[in-house]
Amino acid sequence: MEVFFNTDKNIEAKERIEAYFTKQIKEDLARFEDRVTRVEVHLSDENGAKSGTKDKKCVLEVRPQGLKPVAVTSQDDSIEKAISSATKKMESSLTSL
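1. Some details on the overall build of the protein
- On a plain count of helices and strands, the protein comes out with 2 helices and 4 strands.
- Put simply, the protein runs from its N terminus to its C terminus through helices and strands in the order β-α-β-β-β-α.
- Here the C-alpha radius of gyration of the protein, 13 Å, is about what a compact globule of 97 residues would show, namely 13 Å.
- Dimensions of the protein, computed from the C-alpha atoms along their principal axes, are close to 40 × 25 × 20 Å.
- For the protein, buried positions account for 36% of its 97 residues.
- Intrachain contacts of the protein at a sequence separation of at least 6 include 51% that bridge at least 24 residues.

2. A few points about the nonpolar core
- F5, I25, L29, V39, V41, L43 and I83 are the most contacted members of the largest nonpolar core, which totals 24 residues.
- Elements supplying a minimum of two residues to this core: β1 (2-7), α1 (14-28), β2 (36-45), β3 (56-64), β4 (70-76) and α2 (79-95).
- V41 has contacts with V3, F4, F5, N6, I25, C58, V59 and L60, leaving out every residue within four places of it along the chain.

3. Here's the deal with the side chain of S74
- Considering the arrangement of structural elements, one finds S74 in strand β4.
- Using a relative accessible area of 3% as the deciding quantity, one classes S74 as buried.
- A polar contact is formed between the side chain of S74 and the side chain of S85, at a distance of 3.0 Å.

What counts and how
- Residues numbered from 1 in each chain as written.
- Predicted model: local features only at pLDDT ≥ 70, side-chain atom pairs only at ≥ 80, totals over all residues.
- Heavy atoms only, no water.
- Helix = DSSP H or I, 4+ residues; strand = E, 2+ residues; numbered from the N terminus.
- Rg over C-alpha atoms; globule rule 2.2 N^0.38 Å.
- Buried < 20%, exposed > 50% of the residue type's maximum accessible area, 1.4 Å probe, protein only.
- Contact = heavy atoms within 4.5 Å.
- Core = buried A, V, L, I, M, F, W, Y, C linked by side-chain atoms within 4.5 Å.
- Polar contact = N/O pair within 3.5 Å; in protein donor to acceptor, adjacent residues only side chain to side chain.

It is worth stressing that arrangement in space is one thing and function is another; only the former is reported here.
Now the structure itself:
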């Protein structure tokens, strides 16, 4: 399972986020590893330099073998929380396939 990150210009520490969350996403979705070929993580900060609640957005797109891509979205106060929430939503979505 390959994990790819895409971020907007407002996301800082992309390398740190990638290193930590690639491992975390692979662990969280490990039971689907035989069916998932690719995971794309799209991160954005909706307000840019301004602060705000739930302004960090994570869109997680998974490509299961032989099926159409599955996507979930999560918004939270931090990138870390948004990614974790999106991963939990994805686990639920993949379980129902």
